[in-house]
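# Summary of structural features
Here are the chains, one letter per residue:
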Amino acid sequence: DFYKRASIVCQNIPYGTVVTYGQIALSAKNSRQVGYALRTGKLDPNIPAHRILNASGILSGATSFETYDQQKILLESEGVTVIRTDKGWKTDLKKYQWKTTLDDALYFESVFKQNNI
């Protein structure tokens, strides 16, 4: 089940880091359904959704939060620098992106198998 896999990956996003929708989709071994899953509440409600950005580092989930700047505020509270650009609020993926490793992939694979998903 993609949504269960994506929830597991999202729950493991380290504090003070960000990931892209595509990165979650890859880790969860499925197509790019992450934005849809977040928007429609199909993922665990306790995931740190504020840490999920688009592939350019743009904070594109504003409509999913109570206020337009809540995602920015939450990231800044974790030490992630967010700047205003002509395309919207953005963070430096080179500096803040979660650098998933083969060990991370193997961990997720074992959790997926353990949970039969």
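Computed from a predicted model, the values in this text were never measured in an experiment. (Residues numbered from 1 in each chain as written. Predicted model: local features only at pLDDT ≥ 70, side-chain atom pairs only at ≥ 80, totals over all residues. Heavy atoms only, no water.)

### Concerning helix α4 (residues 70-77)
Put simply, the test is: Each residue's exposure class comes from its accessible area (1.4 Å probe, protein chains only) as a fraction of the maximum for that residue type: buried when under 20%, exposed when over 50%, partly exposed otherwise. To qualify as a helix, a DSSP run of H or I must reach at least 4 residues; to qualify as a strand, a run of E must reach at least 2; elements of each kind are numbered from the N terminus. Note that the arc is defined by the directions from the helix axis to the C-beta atoms. Two residues form a contact once any of their heavy atoms are found within 4.5 Å.
Q71, K72 and L75 are the residues of α4 that are buried. Seen from one end, α4 has its buried residues packed into an arc of 100 degrees, which puts them on one side. Those residues of α4 that are buried lie in contact with β2 (52-53) and β4 (88-90).

### Digging into the packing of aromatic side chains
We count it as follows: Each Phe, Tyr or Trp ring, with Trp reduced to its six-membered ring, pairs with another whose centre is within 6.5 Å; inter-plane angles below 30 degrees give stacked pairs, above 60 give edge-to-face pairs, and intermediate values give tilted ones. Two limits define a charge over a ring: the Lys NZ or Arg CZ must be within 6 Å of the ring centre, and within 35 degrees of the ring normal.
One pass over the structure, following the stated rule, counts 4 aromatic pairs. Look at F2 and Y3: their rings are 5.5 Å apart centre to centre, the planes differ by 70 degrees, and that puts the pair in the edge-to-face class. For the ring pair F108 and F112, a centre distance of 6.3 Å and an interplane angle of 15 degrees mean the geometry is stacked. Of the two residues, F108 and F112 both sit in helix α6 (residues 102-114), 4 residues apart, roughly one turn of that helix. The structure contains a cluster of three or more aromatic residues connected by ring pairs, namely W98, Y107, F108 and F112. Across from the ring centre of Y3, 5.8 Å away, lies the NZ or CZ of K42, which sits over that ring. Note that R84 overlies the ring of W89, its terminal NZ or CZ placed 5.4 Å from the centroid.

### Description of the confidence of the model for the chain
Quick note on the threshold: pLDDT expresses how confident the predictor is about each individual residue, on a scale running from 0 to 100.
Residues with a pLDDT of 70 or more make up 98% of the chain, whose mean pLDDT is 90. No element of the chain has a lower mean pLDDT than helix α3 (residues 34-39), at 82, and none a higher one than helix α5 (residues 93-96), at 97.

### Some remarks on α6
Quick note on the threshold: To estimate the expected span of a helix, subtract one from its residue number and multiply by 1.5 Å. The definition of a polar contact used here is a pair of N or O atoms within 3.5 Å, where within protein one atom must be able to donate a hydrogen and the other to accept one, and adjacent residues in sequence count solely through side-chain atom pairs.
Taking 1.5 Å per residue, 13 residues should reach 18 Å; α6 reaches 18 Å between its end C-alpha atoms and fits that length. In this structure, the buried side of α6 is in contact with α1 (2-11) and α2 (21-27). Residue T101 occupies the N-cap position of α6, its side-chain oxygen lying 3.3 Å from the main-chain nitrogen of D103. Just beyond α6, the residue with positive phi is N116, at close to 55 degrees.

### Things to note about the pattern of salt bridges
We count it as follows: Any Lys or Arg side-chain nitrogen found within 4 Å of a carboxyl oxygen on Asp or Glu counts as a salt bridge.
Tallied over the entire structure, the rule returns 2 salt bridges. For R51, the salt bridge is made with E78, and the minimal N-O distance between the two is 2.9 Å. With R51 in the loop between α3 and β2 and E78 in the loop between α4 and β3 (83-85), the pair connects residues that are 27 residues apart, well separated along the chain. Residue R51 is classed as buried on the basis of its relative accessible area of 10%. A residue is classified by how much of its surface remains accessible, and E78, at 12% relative accessible area, is buried. Here K72 and E76 are joined by a salt bridge, their closest N and O atoms 3.0 Å apart. Of this pair, K72 and E76 both sit in helix α4, 4 residues apart, which is roughly one turn of that helix. In this structure K72 comes out as buried when scored by relative accessible area, which is 16%.

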